[in-house]
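Structural overview for review
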Amino acid sequence: MNIFKAGPLGPSLAPRIRRSKSLFRWIKPLAEWYANIAGYRQMGLRYDDLIVEERPDVKKAISRLPAKEAYDREYRFRLASQCSIVHKSLPKEQWVKPEDDVRYLTPHIEEVVKEDQEREKWDTIAVERK
Amino acid sequence: MLAARATTRTVLRVRKFATAVDAAGVKVAAIDHGQPTSSVTVLLKAGSRYDTKHGVAHVLKNFAFKSTNKRSALGTVREAELYGGVLSSSLTREHVALTAEFLRGDEQFFVDVLASYITSSKFTPWELNETVLPVVEAETHAAQSDNAARAIELAHAAAFRKGLGFSVLAPTHSGITSDDVQAFAASAFSRGNIAVVGTGIDQGLLTKLVEQNFSSATASSAPTTSPSKYFGGDTRVASQDGVQTVFIGFGTSGAPSPELAVLAAHLSPKPALKWSKGTSPLATALPPQTSVQTVLLPYSDATLFGLLVQGATVEGVREASKAAAKALKDAAATGGVKADDLKKAIAKAKFTAANAVEDRDGFISTVGSQLLSGSPSSLDSVFTALDKIESAAFAKATSSLVKSTPTFVAVGDIYGLPHRDEIGI
């Protein structure tokens with residue numbers, strides 16, 4: 001994905017960092033620390049729940065979630081909004097564990113973005129007669 | 001006189017037919033008349049009679065030309081458009097057929113498109129929900145608004161119960177998941193289950209392309225079905241709109257017999273010249289604004305034969321049904337069909353059989369099903385079988401046909417339409 005283009009996932013250096021083994025080893029604890037203090041896990045959310053959904057491509061990706069995942073996502077939102085109303089985090093045992101914080105939506109978004117890009121490619125293709 | 005003429009024309013009748021060869025375990029046949037367009041059809045023995053879950057074959061048919069590992073659904077459509085080709089898929093009770101029609105010379109691309117569906121379809125759940133199922137439901141709705149199509153579907157259900165009795169169309173809320181389709185496809189796409197039929201393409205070229213592209217097709221076990229058995233029975237379904245429809249039919253198990261084709265030709269009131277009245281025993285007996293069509297549906301191991309009666313009013317359909325039932329019984333009685341009428345019917349049946357393989361669709365379905373069943377027969381053998389029919393054999397075949405339990409279907413005003421016992425069968 002082109003990081004300079006405004007995609008639904010925003011620019012990310014993660015793929016470059018992951019490519020370099022030593023850099024990855026240095027950055028990973030920092031990233032984990034950041035994810036923990038960001039506070040969304042304490043409200044029962046996963047990282048992919050924070051992706052802005054008011055865009056056609058993300059909406060389409062959400063519609064492609066399996067029924068169970070769509071239901072769970074909705075449940076996490078209810079829980080988080082309740083936490084927001086009462087100005088409290090969840091009890092510590094209900095925090096989302098780092099291993100549960102999976103990117104469940106990103107693959108679907110990437111798929112949709114790929115489709116959109118392909119459509120754009122076909123719409124603007126220049127055909128050469130052989 | 002007719003018979004004598006038929007034999008003198010034998011020389012003209014000889015026509016070159018596609019020869020079948022095995023390429024990578026896939027049966028291939030092609031015929032080339034030198035026309036400017038070619039077509040390649042991939043025929044799968046995975047029609048609705050092999051349904052593991054009702055409608056899965058219909059969904060599989062609509063999954064054709066969706067995304068594969070090689071190209072996306074959009075890519076397939078756009079690329080085919082650039083080549084100026086037409087891609088289509090169709091479904092019968094026996095087969096799923098995927099057809100590509102294109103200009104001569106583009107075969108490389110189109111065989112690749114067909115092969116990638118067989119070897120690397122993705123069957124994603126979102127394509128099922130976003131593009132496949134809406135079309136499946138629309139097709140089912142469209143077919144249900146046609147009383148004739150409904151009557152034929154119901155007749156199959158009553159006649160064969162399972163297997164051939166399964167509806168070609170998926171129910172509107174079928175509950176079919178992409179996993180179901182994938183599992184069905186895995187068995188449907190096995191090598192021995194595929195036949196490739198080409199028209200307007202050189203046999204050697206097609207064989208080479210099939211060998212190249214279909215080599216990664218699996219050799220898993222093909223879908224199974226139990227042999228068909230004819231039961232028969234009555235079905236009445238209320239329908240508020242459309243014409244009043246009655247189907248009166250009989251069926252047989254086993255290979256289709258040529259006598260039934262002759263019986264259909266004898267009874268068919270369709271005139272040889274438009275707007276004239278035919279000489280069929282039915283043609284003169286029909287009240288105005290009613291129509292009768294003969295329905296002859298031969299399958300690999302059973303046949304459904306019947307008369308489809310349609311009309312605007314129940315009274316008209318009642319009269320026409322009585323006339324149809326009478327004509328059917330008269331034809332089945334000993335000496336019911338005069339020798340001259342029989343000859344006329346045989347000539348008509350021969351023309352129908354020959355005409356059916358003349359156009360592309362008819363040729364593909366005839367040759368394809370013969371390839372898959374492993375019993376290739378030429379038009380000549382069909383002609384020979386029809387020519388051999390004598391009055392006695394015809395009477396025997398037809399009387400044993402009408403002795404079986406009738407299949408009677410009424411679609412429309414079920415309180416006004418006749419019952420089976422009222423029309424005397």
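Everything below is about the structure printed above this text.
The paragraphs below set out a description of the structure included in this document. Predicted, not measured: the structure shown is a model, and the values here were computed from it.

Describing the packing of aromatic side chains
- Here the structure, examined in full by the defined rule, presents 10 aromatic pairs over all chains.
- Ring geometry for F102 of chain B versus F110 of chain B: centroids 4.8 Å apart, planes at 5°, classification stacked. Across the pair, exposure class does not vary: F102 of chain B and F110 of chain B are buried alike.
- Note on Y117 of chain B and F123 of chain B: the rings are 6.4 Å apart at their centroids and 65° apart in plane angle, and the pair reads as edge-to-face. Pair check on accessibility: Y117 of chain B and F123 of chain B agree, each one buried.
- What links up through ring pairs into an aromatic cluster is the set F63, Y117, F123 and F189 of chain B.
- Over the face of the ring belonging to W122 of chain A we find K121 of chain A, whose NZ or CZ atom lies 4.9 Å from the ring centre.
- A cation sits over an aromatic face here: K350 of chain B above F383 of chain B, 5.6 Å from the ring centre.

Things to note about the packing of helix α12 (residues 339-356) of chain B against helix α14 (residues 379-387) of chain B
All names here are of chain B.
- The N-to-C vectors of α12 and α14 enclose an angle of 165°; their axes lie 10 Å apart at closest approach. On the basis of the axis angle, α12 is roughly antiparallel to α14. Note that α12 runs across α14; the crossing there is right-handed. Packed against α12, whose contacting residues are I346, A349, K350, A353 and A354, the element α14 presents L379, V382, F383, L386 and D387 at the interface.
- For the contact of α12 with α14, a count of residues per class yields 8 nonpolar, no polar and 2 charged.

A closer look at the interface of chain B and chain A
- Facing the 8 residues of chain B at the interface are 11 residues of chain A.
- Both faces combined, the contact of chain B with chain A buries some 930 Å², and carbon together with sulfur accounts for 58% of it.
- Here chain B is connected to chain A by 2 salt bridges.
- With its nearest N and O atoms 2.8 Å apart, the salt bridge here joins R78 of chain B to D123 of chain A.
- Where chain B packs against chain A, one counts 3 residue pairs in polar contact (both at pLDDT 80 or more).
- The element best represented in the side of chain B that touches chain A is helix α4 (residues 73-83) of chain B, accounting for 5 residues.

Rules behind the numbers
Residues numbered from 1 in each chain as written. Chains lettered and ligands numbered in written order. Predicted model: local features only at pLDDT ≥ 70, side-chain atom pairs only at ≥ 80, totals over all residues. Heavy atoms only, no water. Phe/Tyr/Trp six-rings, centres within 6.5 Å; stacked < 30°, edge-to-face > 60°. Buried < 20%, exposed > 50% of the residue type's maximum accessible area, 1.4 Å probe, protein only. Lys NZ or Arg CZ within 6 Å of the ring centre and 35° of its normal. Axes fitted to C-alpha atoms, helices over the stretch in contact; angles between N-to-C directions. Helix = DSSP H or I, 4+ residues; strand = E, 2+ residues; numbered from the N terminus. Parallel < 35°, antiparallel > 145°, perpendicular 65-115°, else oblique. Left-handed = near helix turned anticlockwise from the far one by under 90°. Contact = heavy atoms within 4.5 Å. Nonpolar A, V, L, I, M, F, W, Y, C, P; charged D, E, K, R; others polar. Buried area = accessible area lost by both parts, 1.4 Å probe. Salt bridge = Lys/Arg side-chain N within 4 Å of Asp/Glu carboxyl O. Polar contact = N/O pair within 3.5 Å; in protein donor to acceptor, adjacent residues only side chain to side chain.

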